[in-house]
Amino acid sequence: MKFSKIFTTGLTMAMIGGMALVMSASAGAEPRMGHDHMGEGHSDHTSTCTGTFASPGVLAGTYHSNVVISGVCAVNGGPALVFGSLTVSPGSTLDAAFALNDAGSGVSSLTVAGDVNVLQDASALIGCEPNHFVCQDDPNQTTGTLTGQNRIFGDVREFQPLGVVMHTTTVGGDVFESGGGGGVTCTPPAGSVFATFGSPAYSDYEDITVGGNLGVIGVQTCWLGSLRDTVRGSIIDYNNTMADPDAGEVLQNTVGDDIACFGNSPAVQFGDSGASPNVVDGRAFGQCGFNVLSPDPNFGTGGSQPISVKGTSSDDEG
């Protein structure tokens, strides 16, 4: 079971109304991407976006600097382009799950030339799509019609976050979540963005493209999953503990190198995801091994199928 529907429905009602613009974009010529993670035109100063759940800040325009989220900020005022790195400070919330601007026209998107850092007890919602995580400003909140357009040229680094939910986002480097998660419980954590909208804390990576590796290690949460991702490097799913017995759905990913899943409770499973096995060009280890079969209620008459299968370039069996 996933919590995207209950979360996005509540979030839409609270955040679509009155956004407070509390940081200004740097004026300048049309941006150009540099060859490093900082981008051309990057300066040493830092811009800060601040806000609250009642009056979120708005991240929009072009920033020739690093950006820090302090409090609650949304990307719903048009395109936001950060030439430096973007950091979600401890306990703060970044909401980039919109497709339109707050006037209902145009496009809202997040582009970061550097890295995205999500720090302790912080939350980040990046990207949205029909069916799986409906955009908060989609006129069709049942199934959705809009898709978010977000790109991160560097890495996404998460250090003990409360929860990170990513959909339809392209990441040039690695995505790595280490620790955190709010504990092995499905009770919404008090004072958090999840509690505000009646959802348990969870982390989720769906329909994203990762140029490097995707790793999730030592997270304790309600639900955790990785579905339909394209990962050019390896997937590492290690020592994660989840309260929902249906959690641990690491499935239908296309993996250029290896996949390794160890020490997760519950173990990697099909659950009610409706997903197919991972396709792995390299080797597959542990709970995601080629020889691991798992019951799948959506497969035939409810029989079992492998968690991972060999891709066309695969040579070795784990």
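Thresholds applied
- Residues numbered from 1 in each chain as written.
- Predicted model: local features only at pLDDT ≥ 70, side-chain atom pairs only at ≥ 80, totals over all residues.
- Heavy atoms only, no water.
- Disulfide = S-S within 2.5 Å.
- Helix = DSSP H or I, 4+ residues; strand = E, 2+ residues; numbered from the N terminus.
- Salt bridge = Lys/Arg side-chain N within 4 Å of Asp/Glu carboxyl O.
- Buried < 20%, exposed > 50% of the residue type's maximum accessible area, 1.4 Å probe, protein only.
- Contact = heavy atoms within 4.5 Å.

Tallied over the entire structure, the rule returns four disulfides. One disulfide bridge connects Cys186 with Cys222, the sulfur atoms lying 2.0 Å from each other. Across the disulfide from Cys186 to Cys222, rotation about the S-S bond amounts to roughly 85°, and the bridge is consequently right-handed. Taken together, the positions of Cys186 in the loop between β15 (175–178) and α2 (193–196) and Cys222 in the loop between β19 (220–221) and β20 (223–227) put the pair 36 residues apart, joining distant regions of the chain.

Here we come to the pattern of salt bridges. Evaluation of the coordinates by the stated rule reveals five salt bridges. Close ionic contact of Asp155 with Arg157 constitutes a salt bridge, the shortest N to O distance being 3.3 Å. Between Arg283 and Asp258 there is a salt bridge, and its shortest N-O distance comes to 3.2 Å. Remark: Asp258 occurs in the loop between β25 (254–255) and β26 (259–262) and Arg283 occurs in the loop between β27 (278–280) and β28 (284–286); sequence separation between them is 25 residues.

Attention now goes to unusual backbone geometry. Cis geometry is adopted by the peptide bond preceding Pro266, which originates at Ser265 and carries an omega value of -5°. Inspection of the secondary structure puts Pro266 in the loop between β26 and β27. Notably, Asp121 is not glycine yet its phi reads approximately 60°, a positive angle. Residue position: Asp121 is located in the loop between β9 (116–118) and β10 (123–126). Of the residues examined, Asp121 reaches a relative accessible area of 45% and is grouped as partly exposed. A positive phi angle is found at Asp207, which is not glycine, with a value near 55°. Tracing the chain through its elements places Asp207 in the loop between β16 (202–206) and β17 (209–210). Overall, the relative accessible area of 23% leaves Asp207 in the partly exposed class.

Right, let's talk about the environment of Tyr202 for a bit. Along the polypeptide, Tyr202 turns up in strand β16. Expressed as a C-alpha distance, the spacing of Tyr202 and Gly182, which sit 20 residues apart in the sequence, is 8.3 Å.

Along the polypeptide, Arg228 turns up in the loop between β20 and β21 (230–231). A residue is classified by how much of its surface remains accessible, and Arg228, at 18% relative accessible area, is buried. If we ignore the near neighbours within four places in the chain, the residues touching Arg228 are Glu129, His132, Glu206, Asp207, Ile208, Leu251, Gln252 and Asn253.

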